[in-house]
Amino acid sequence: MKYENLMLSGLFVVCLLVCTLVLGAMLKATPSSVQLAATGGIGSALLAAPAQCALPADGVICPRQPG
């Protein structure tokens with residue numbers, strides 16, 4: 001009985017430690033969109049965007065280009 005209690009308490013400690021580490025990693029992580037905005041790479045991403053619509057122009061998905 002003592003062995004089972006020791007194993008259960010050890011399992012509880014390990015699970016608590018893993019959950020704490022996962023939660024800490026989620027709270028500390030910076031999303032890629034925030035990293036992109038912080039480095040100023042959004043301007044180059046917008047400049048690299050195509051001028052033509054890749055989908056068939058139906059007036060709803062891709063607005064019609066003037067001219």
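Throughout what follows, the structure given in this document is the object of discussion. (Residues numbered from 1 in each chain as written. Predicted model: local features only at pLDDT ≥ 70, side-chain atom pairs only at ≥ 80, totals over all residues. Heavy atoms only, no water.)

1. A few points about the overall build of the chain
Each helix and strand counted, the chain has three helices and zero strands in total. In sequence order, the chain lays out its α and β elements as α-α-α. Out of the 67 residues belonging to the chain, those deemed buried represent 3%. Summed over its atoms, the accessible surface of the chain is roughly 6200 Å², and 73% of this surface lies on carbon and sulfur atoms. (Helix = DSSP H or I, 4+ residues; strand = E, 2+ residues; numbered from the N terminus. Buried < 20%, exposed > 50% of the residue type's maximum accessible area, 1.4 Å probe, protein only. Areas by Shrake-Rupley, 256 points an atom, 1.4 Å probe, with all protein chains shown as cover.)

2. Quick word on a nonpolar patch on the surface
Taken together, V14, V18, V22, L23, M26 and L27 make up a surface patch of nonpolar side chains, about 590 Å² in accessible area. Of the residues examined, V22 reaches a relative accessible area of 44% and is grouped as partly exposed. (Patch = residues over 30% accessible without salt bridge, like charges linked within 9 Å, V, L, I, M, F, W, Y side chains within 5 Å. Salt bridge = Lys/Arg side-chain N within 4 Å of Asp/Glu carboxyl O.)

3. As for the state of the cysteines
Counted according to the given criterion, the structure contains zero disulfides. The thiol sulfur of C15 is not disulfide-bonded, and the nearest other cysteine sulfur, from C19, lies at 6.5 Å. We classify C15 as partly exposed; its relative accessible area is 39%. (Disulfide = S-S within 2.5 Å.)

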